[in-house]
Amino acid sequence: MNVFEKVAEIIANHTDTPVADITMEASFEEIGLDSLDIVDLVMAMEDTFSVKIELSQSIKKVGDLVTVIESLKQ
Amino acid sequence: MKSSMSFRILGTGSACPACVKTNEDLSSFLDTDDEWISSRTGTKSRHVSTTETLTEIAATAAKQALEDANIDAKDLDLIICATIQGDYITPSLACMVQKEIGAQCPAFDINAACPGFIYALDIALGYFARNKSSKILIVGTEMMSKHVDWQDRATCVLFGDGAGAVVLGEGDSLLAIKTTAKGELDILNIHGKNGNSPFSQHEKQDEFVHMNGQEVYKFAVISMCRDLKDVIAAAGLTEEEIDFVLPHQANIKIIETAMNRLKIPKERYYNNIERFGNTSAASIPILLDELNRSKRLQNGQNIAMVSFGGGLTTGAVIIKWQK
Ligand SMILES: CC(C)(COP(=O)(O)OP(=O)(O)OC[C@H]1O[C@@H](n2cnc3c(N)ncnc32)[C@H](O)[C@@H]1OP(=O)(O)O)[C@@H](O)C(=O)NCCC(=O)NCCS
């Protein structure tokens, strides 16, 4: 499973959104997540990928999170 | 058997200012609404001081706890108030409470922000261990309405005023306790007095709460889970054996996220943030008093308390109820 697939699976588990609707371009707002839900999500990602993600306003869509995780894992 | 190594809780009390402000009341002068505040924090109303002093509410909570414990104020050996600031910088709030309730023992304040009450329990433990005391009054109390900027909707809606007290006597209720600190200024702070020294070259700062909410949120969830697990293990218990969890009432979403990461059954968490908001060092003793007064506590039950706050500080404790 690549980073995107894993991220999509975690988001689907956290929300009622079907995995198929979670694309790189989907914004968290569209998925129905508020700023605190994003913090929860970031923490779940930190646990899954064993990385430390800086919270920042620039994480707005799924792709942003995937990019951050991929760069941290390198 | 008389054990002088630890303590038990003999009585509890709590008090709040009379004035209650709902989210709707706040939206009359702030650009906010009930939906935002309730869904992000879980708070619907909070008590706010209009005329009451911190000394008054702390003393009322203390008197209730003494009455519940059936102890005379003159028999107290020590008073500790956990607060970020009393009515005066000096005398300490604990000295003011001592005067108000008619006690004669040593009295001092400690500041460990929201976990102050748990820090105070740890200090009390040391007094009992040294056989210095046999009756200790602890009051966790805060008037956050003085410290928030009422024009800043991101912080002022979160907090409330209140006081919670316990009277401790000799016993062996304390199963495990933990406190931590991690010096960190930017995430959460309130600047102290500026003064008017003609020699000062310090830049003047405002005296309000400043907070990076999301960083606090993350710290809170992580530390709550870690500290609860640590004290449960140190007490030789499993998560299933905890009968009540009294988490610091900062944000219901912090508590829910932590709940999902722990195995303690969810109905064992006791919350009242809906009616109080975040009362800082008062939140845990108020929860405890509500449970005690409503007769929900039974001897032998394991009660976990956990808190986090400015400092950054954290604390957690497991008490076996024996009243
Ligand atoms: C304070 C807290 C509820 C804020 O939630 P958040 O999701 O981080 O909110 P943000 O500050 O990112 O703000 C999100 C939006 O809501 C707005 N907002 C903030 N407060 C608001 C309010 N009372 N009413 C309406 N909107 C508000 C913000 O302006 C922002 O709008 P924008 O996106 O258009 O700029 C949350 O961070 C929290 O509870 N953190 C823990 C704090 C804590 O426990 N402190 C005490 C420790 S003892």
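Computed from a prediction, not measured in an experiment: that's the story for all the values here. (Residues numbered from 1 in each chain as written. Chains lettered and ligands numbered in written order. Predicted model: local features only at pLDDT ≥ 70, side-chain atom pairs only at ≥ 80, totals over all residues. Heavy atoms only, no water.)

1. Here we look at the domain arrangement of chain B
Residues and elements named next belong to chain B. Partitioning chain B into domains gives domain 1 (6-172) and domain 2 (176-320). Inter-centroid distance (C-alpha atoms) of domain 1 to domain 2 is 14 Å. At the junction of the two partners, domain 1 supplies 47 residues and domain 2 supplies 44 residues. For the pair domain 1 and domain 2, the two sides together bury roughly 3,500 Å², of which 65% comes from carbon and sulfur. The largest per-residue losses of area from domain 1 upon contact with domain 2 belong to Cys114, Ile118 and Tyr119, which jointly make up 18% of the total buried on that side. Taken together, the connections running from domain 1 to domain 2 amount to zero salt bridges. Residue assignment for the side of domain 1 that touches domain 2 shows that the elements contributing at least two residues are β1 (6-15), α2 (34-41), β3 (45-47), α3 (54-69), α5 (116-129), β6 (135-143) and β7 (161-171). For the side of domain 1 that touches domain 2, the class distribution of residues is 22 nonpolar, 17 polar and eight charged. (Domains from an automatic or database assignment. Contact = heavy atoms within 4.5 Å. Buried area = accessible area lost by both parts, 1.4 Å probe. Salt bridge = Lys/Arg side-chain N within 4 Å of Asp/Glu carboxyl O. Helix = DSSP H or I, 4+ residues; strand = E, 2+ residues; numbered from the N terminus. Nonpolar A, V, L, I, M, F, W, Y, C, P; charged D, E, K, R; others polar.)

2. Comments concerning the sheet that holds strand β12 (residues 302-309) of chain B
Residue and element names in this part refer to chain B. Taken in spatial order, the four strands make up an open sheet running β8-β13-β12-β11, and their pairing is mixed. Lying at the two open borders of the sheet, with one neighbouring strand each, are β8 (174-181) and β11 (244-247). The sheet shows a mean angle of 10° between the axes of neighbouring strands, direction not considered. Relative to β12, β11 runs parallel, the two being bridged by four bridges. Bridging across to β12, Leu246 finds its partner in Met305. In the packing of α5 onto the sheet, the strands contacted are β8, β12 and β13 (313-320), and the crossing angle to β8 comes to about 120°. Against the sheet, helix α7 (residues 213-234) contacts β8, β11, β12 and β13, and its axis sits at roughly 35° relative to β13. (Pairing = 2+ DSSP bridges. Axes fitted to C-alpha atoms, helices over the stretch in contact; angles between N-to-C directions.)

3. What about the packing of aromatic side chains?
All names here are of chain B. Using the criterion set out here, one finds two aromatic pairs over all chains in the structure. Taken together, a centroid distance of 5.9 Å and an interplanar angle of 45° make the contact between Phe7 and Phe128 tilted. Of this pair, Phe7 sits in strand β1 while Phe128 sits in helix α5, placing them 121 residues apart in sequence. Classification of Phe7 as buried rests on a relative accessible area of 0%. Pairing Phe29 with Trp150 gives two aromatic rings, centres 6.4 Å apart and planes at 50°, and the pair type is tilted. A residue pair is termed long-range when its members are at least 10 positions apart, and Phe29 in the loop between α1 (23-26) and α2 and Trp150 in the loop between β6 and α6 (153-156) qualify at 121 residues. Relative accessible area serves as the criterion here: at 26%, Trp150 is assigned to the partly exposed category. (Phe/Tyr/Trp six-rings, centres within 6.5 Å; stacked < 30°, edge-to-face > 60°. Buried < 20%, exposed > 50% of the residue type's maximum accessible area, 1.4 Å probe, protein only.)

4. Focus: the interface of chain B and chain A
Contact with chain B, which involves eleven residues of that partner, is made by 14 residues of chain A. In total, chain B and chain A occlude about 1,200 Å² of area from one another, counting both sides; carbon and sulfur atoms represent 51% of this. Looking at the side of chain B facing chain A, the largest losses of area belong to Arg40(B), Gln214(B) and Lys218(B), adding up to 50% of the total buried there. For the pair chain B and chain A, the interface holds five salt bridges. Here chain B and chain A share nine residue pairs in polar contact (both at pLDDT 80 or more) between them. Listed by contribution, the elements that provide at least two residues to the side of chain B that touches chain A are α7 and α8 (252-261) of chain B. Sort the elements by how many residues they give to the side of chain B that touches chain A and α7(B) lands first, with six residues. Partitioning the side of chain B that touches chain A into residue classes produces three nonpolar, three polar and five charged. (Polar contact = N/O pair within 3.5 Å; in protein donor to acceptor, adjacent residues only side chain to side chain.)

5. Observations regarding unusual backbone geometry
For the bond running from Thr90(B) to Pro91(B), omega is 0°, close enough to zero to count as cis. For Pro91(B), the location among the structural elements is in the loop between β4 (78-82) and α4 (93-101). The omega angle of the peptide bond from Gly311(B) to Leu312(B) is -5°, so this bond is cis rather than trans. For Leu312(B), the location among the structural elements is in the loop between β12 and β13. Positive phi values are uncommon outside glycine, yet Ser50(A) reaches one of about 50°. Structurally, Ser50(A) is set in the loop between α3 (35-49) and α4 (62-73).

6. Observations concerning α4(A)
All names here are of chain A. The end-to-end C-alpha distance of α4, which contains twelve residues, comes to 17 Å, matching closely the 16 Å that a straight helix rising 1.5 Å per residue would cover. Within α4 the residues assigned to the buried category are Val62, Gly63, Asp64, Leu65, Val66 and Ile69. Where the residues of α4 are buried, they touch α1 (3-14), α2 (28-31) and α3. (Expected span 1.5 Å × (residues − 1).)

7. Overview of the nonpolar core
Within the largest apolar cluster, 71 residues are counted, with the highest numbers of intra-cluster contacts made by Val7(A), Ile11(A), Phe28(A), Met45(A), Val62(A), Leu65(A) and Ile318(B). Broken down by secondary-structure element, the contributors of at least two residues to this core are α1, α2, α3 and α4 of chain A together with α7, α8, β12 and β13 of chain B. Top element by residues in this core is α7(B). It accounts for ten residues. When we break this core down by domain, the ones giving at least three residues each are domain 1 (6-172) and domain 2 (176-320) of chain B. Residues in contact with Val7(A), not counting those within four places in the same chain, are Met45(A), Phe49(A), Val62(A), Leu65(A), Val66(A) and Ile69(A). Of all hydrophobic cores here, the second largest spans 33 residues; its members include Ile80(B), Ala82(B), Leu174(B) and Leu287(B). (Core = buried A, V, L, I, M, F, W, Y, C linked by side-chain atoms within 4.5 Å.)

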